[in-house]
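Each chain is listed here by its residues.
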Number of protein chains: 2
Amino acid sequence: MRNFKIILQYEGTRYQGWQKQESTQNTIQGKLERLLTRLAGAPVEIQASGRTDAGVHAYGQTANFHMDTKLSPQELMERINEYLPEDIGVIAIEEVPERFHSRLNAKGKTYRYRVLNSSVPHIFDRRYVYVCPEKLDVDAMKQAAARLCGTHDFKAFTSAKRSRKSTVRSLDSIDIERTGDEIWFTFSGNGFLFHMVRILMGTLLEVGSGKRRAEEMTALLENGKREEAGPLVPACGLALMEVRY
Amino acid sequence: MRNFKIILQYEGTRYQGWQKQESTQNTIQGKLERLLTRLAGAPVEIQASGRTDAGVHAYGQTANFHMDTKLSPQELMERINEYLPEDIGVIAIEEVPERFHSRLNAKGKTYRYRVLNSSVPHIFDRRYVYVCPEKLDVDAMKQAAARLCGTHDFKAFTSAKRSRKSTVRSLDSIDIERTGDEIWFTFSGNGFLFHMVRILMGTLLEVGSGKRRAEEMTALLENGKREEAGPLVPACGLALMEVRY
């Protein structure tokens, strides 16, 4: 069987996230598997680098699937794009060794969260930003971000139920940059827990608006209490930018 | 009565264009007038710098309306944005002298047409580009564009029925720029005829793909025959960027 690695873009607005579910046909994995199964004439499973939640976008989600086909990778990509809905697209494809696995081989990921820091609407990007018109102190948020980076137990920053799985992750960087009336928060790390970026964002925005101090991050990491971290911000501002191998 | 000048952004996809019509409620002017009339408690008419066709977008449409209100311009803008649908927004407002008229006082306009020159989809900008994956010769299109600029009778480049109105316009510049896998065509002039930018675009794309030569532009301007110019390209790639006063 041939193994194909694809890079996917999708607008998450209409979907119940990446992962297929019994209860709905409306997931990105579900759409892709039904299409690939139809093209192959036999069941095809597709594996992504990780789930994205309902409403989260992707500029560079990576996935792989095994399939018997005589098509070249380029032909296969064109065929897939022909049948995909307009808010999902394959932007790159390559044939990879049998053993390549998009989740197990992933070394790191980058997410971006876009905040529209203005009450003036952005019509063309309205589905890709979170509107927060409050005055935000970028320097204070950068100080908090510096304290969050590194290898820590991020238990306070996940909605995952307690389990025996490790909640230690390495957060390499959080870049915070004002571009026009938006603020872009770019998170790079070796892996992210369920809701981790959105809870980190909720916490950083509380620092930005003066509701809490940058210094509190250290205690939050230490005590690991979800209820003491900030709120979960909306999915619409979040996008998976890149997966590194 | 106070006179307000507003700058509007809208995504044209869902609308039957700017101008209100008896047959549909679904125009941008219609939406705005119903909202302003409700806010004022008396009929308000709104005048734009010019119509945009069904499906055409605006980054900087300018309009004005007369209204009695005690609100400051900023308050009025917030109130309007609160009630507008999410694909229309006011991005600037100012109070102007009674005599200001957004159409009659307009000195020039800039339109941009975006061509996605690739078969790889752009998921996030899919509603704002025209997909044309054919190989395009940008230099040949620039040569054709140079021949189209200046003060000419653009009769061959409009869908308007013959009338006694002048079809002479001054086209100041057509900038053609490749940015990534898109080509942006930026048209500036003192005024544009019905469908003019989209027929100019259809003609330029025929030059770009080698179907006609840049030199033919001169004859097209001289003979004024619509049927000899290129096709009308889709509205989705077009946006009114700016109106100058």
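Nothing here was measured: the structure is a model prediction, and the numbers come from that model. (Residues numbered from 1 in each chain as written. Chains lettered and ligands numbered in written order. Predicted model: local features only at pLDDT ≥ 70, side-chain atom pairs only at ≥ 80, totals over all residues. Heavy atoms only, no water.)

Asks: Sorry, what's going on with the relation of the copies chain A and chain B here?
Replies: Relating one copy of the chain to the other requires a rotation about an axis plus a shift along that axis. Between chain A and chain B, which share one sequence, the superposing operator has a rotation angle of 180° and an axial displacement of 0.0 Å; the RMSD is 0.0 Å. Look at the turn and shift together and you get a two-fold axis relating the two. Measuring from the rotation axis to each C-alpha of chain A, the shortest distance belongs to A:Asp125, at 4.4 Å. The fraction of interface residues of chain A whose copies in chain B are also interface residues reaches 100%, indicating that both copies meet through the same surface. (Least-squares fit on C-alpha atoms with pLDDT ≥ 70 in both. Contact = heavy atoms within 4.5 Å.)

Asks: What am I meant to see in the environment of B:Gly230 here?
Replies: All names here are of chain B. Mapped onto the elements of the fold, Gly230 is located in the loop between helix H5 (216-223) and strand E10 (238-244). A relative accessible area of 2% means that Gly230 is categorised as buried. Through-space distance from the C-alpha of Gly230 to that of Ile199 is 6.0 Å; in sequence the pair is 31 residues apart. If near-sequence neighbours (up to four positions away) are discounted, Gly230 is found in contact with Ile199, Gly202, Thr203, Glu206 and Arg212. (Helix = DSSP H or I, 4+ residues; strand = E, 2+ residues; numbered from the N terminus. Buried < 20%, exposed > 50% of the residue type's maximum accessible area, 1.4 Å probe, protein only.)

Asks: What exactly am I supposed to notice about the pattern of salt bridges here?
Replies: Once the charged atoms of two side chains with opposite charge are near each other, the side chains can pair. Across all of its chains, the model carries 30 salt bridges over all chains by this definition. Salt-bridge contacts for A:Glu134 lead to A:Lys211; the nearest nitrogen and oxygen are separated by 3.4 Å. In this pair, A:Glu134 is assigned in the loop between strand E6 (130-131) and helix H3 (138-148) and A:Lys211 in the loop between helix H4 (196-208) and helix H5 (216-223), connecting sequence segments 77 residues apart. Residue A:Glu134 is classed as partly exposed on the basis of its relative accessible area, which comes to 38%. A relative accessible area of 57% places A:Lys211 in the exposed class. Two residues, B:Arg244 and B:Glu242, come together in a salt bridge whose shortest N-O distance is 3.3 Å. A residue is classified by how much of its surface remains accessible, and B:Glu242, at 39% relative accessible area, is partly exposed. (Salt bridge = Lys/Arg side-chain N within 4 Å of Asp/Glu carboxyl O.)

Asks: Is there a simple way to explain the packing of aromatic side chains in this structure?
Replies: A ring pair, where both rings are aromatic, is described by two values, the distance of the centres and the angle of the planes. Enumeration according to the criterion identifies 16 aromatic pairs over all chains in this entry. Consider the rings of A:Tyr128 and B:Phe124, whose centres lie 5.1 Å apart with planes at 85°: the pair is edge-to-face. Taken together, the residues span two chains, with A:Tyr128 in the loop between strand E5 (108-116) and E6 and B:Phe124 in the loop between strand E5 (108-116) and strand E6 (130-131). This pair shows no difference in class: A:Tyr128 is buried, exactly as B:Phe124 is. (Phe/Tyr/Trp six-rings, centres within 6.5 Å; stacked < 30°, edge-to-face > 60°.)

Asks: Can you help me understand helix H2 (residues 73-83) of chain A in this one?
Replies: Structurally, the α-helix is built with 3.6 residues per turn, so residues lying three or four positions apart point the same way. Residues and elements named next belong to chain A. Within H2, the full set of buried residues consists of Leu76, Met77, Ile80 and Asn81. End-on view of H2: buried residues confined to an arc of 130°, all on one side of the axis. For H2, the secondary structure elements touched by its buried residues are strand E1 (2-10), helix H1 (28-40), strand E3 (57-67) and strand E4 (88-96). (Arc of directions from axis to C-beta.)

Asks: Would you mind showing me how to read the layout of surface pockets here?
Replies: To find the voids left in a structure, one rolls a probe of water-molecule size over its atoms. In this structure, the largest pocket spans a volume of roughly 1,400 Å³. Put simply, the parts of the chain that give the lining of the largest pocket at least two residues each are strand E2 (46-48), E5 and H4 of chain A. A volume near 1,100 Å³ is recorded for the second largest pocket. Along its surface, the second largest pocket is lined by 37 residues, and B:Arg51, B:Arg169, B:Phe192, B:Leu193 and B:Phe194 are the ones closest to its centre. Elements with a contribution of two residues or more to the lining of the second largest pocket: strand E2 (46-48), E5 and helix H4 (196-208) of chain B. Partitioning the lining of the second largest pocket into residue classes produces 13 nonpolar, 13 polar and 11 charged. (1 Å grid on protein atoms, 1.4 Å probe; cavity = no way out; pocket = protein on both sides within 12 Å on 5 of 7 lines; lining within 4 Å. Points joined across faces, edges and corners; volume = space filled by probe spheres on them. Nonpolar A, V, L, I, M, F, W, Y, C, P; charged D, E, K, R; others polar.)

Asks: So what exactly am I meant to see when it comes to the UniProt feature "binding site: substrate" (unreviewed entry) in chain A here?
Replies: Residue and element names in this part refer to chain A. The UniProt record marks Tyr111 with the feature "binding site: substrate" (unreviewed entry), using the residue numbering of this structure. Tracing the sequence through the fold places Tyr111 in strand E5. Tyr111 sits in the buried class, given a relative accessible area of 7%. With residues up to four places along the chain from it excluded, the contact list for Tyr111 reads Arg51, Phe185, Thr186, Phe187, Phe192, Val197, Leu238, Ala239, Leu240 and Met241. (UniProt positions renumbered as here; feature names shortened; annotations may be inferred.)

Asks: Any chance you could explain the packing of H3(A) against H5(A) here in plain terms?
Replies: Residues and elements named next belong to chain A. The interhelical angle for the contact between H3 and H5, taken along N-to-C directions, is 30°, at an axis separation of 8 Å. The orientation of H3 with respect to H5, classified from their angle, is roughly parallel. Note on packing geometry: the crossing formed by H3 with H5 is right-handed. For the pair H3 and H5, contact is made by Ala144, Arg147 and Leu148 and by Met217, Thr218 and Leu221, respectively. Of the residues belonging to the contact of H3 with H5, the class tally is 4 nonpolar, 1 polar and 1 charged. (Axes fitted to C-alpha atoms, helices over the stretch in contact; angles between N-to-C directions. Parallel < 35°, antiparallel > 145°, perpendicular 65-115°, else oblique. Left-handed = near helix turned anticlockwise from the far one by under 90°.)

Asks: Explanation requested: the interface of chain A and chain B in the structure shown.
Replies: A common way to report how large an interface is uses the accessible area buried once the components associate. Tallying the contact residues gives 24 residues for chain A and 24 residues for chain B. Buried area between chain A and chain B, summed over both chains or domains, comes out near 1,900 Å², and the portion from carbon and sulfur atoms is 58%. Between B:Arg126 and A:Glu86 there is a salt bridge; the shortest N-O distance is 3.2 Å. In this structure, the connection of chain A to chain B is made through 8 residue pairs in polar contact (both at pLDDT 80 or more). If you list the elements that add at least two residues to the side of chain A that touches chain B, you get E1, E3, H2 and E4 of chain A. Looking at the side of chain A that touches chain B element by element, the count peaks at 4 residues for E4(A). Classifying every residue of the side of chain A that touches chain B gives 12 nonpolar, 6 polar and 6 charged. (Buried area = accessible area lost by both parts, 1.4 Å probe. Polar contact = N/O pair within 3.5 Å; in protein donor to acceptor, adjacent residues only side chain to side chain.)

Asks: How should I be thinking about the UniProt feature "active site" (unreviewed entry) in chain A in this particular structure?
Replies: Residues and elements named next belong to chain A. When the UniProt feature table is mapped onto this chain numbering, "active site" (unreviewed entry) sits at Asp53. By the element assignment, Asp53 lies in the loop between E2 and E3. Accessibility expressed as a relative area gives 21% for Asp53, which makes it partly exposed. Setting aside anything within four residues of it in sequence, one finds Asp53 in contact with Gly17, Phe194, His195 and Arg198.

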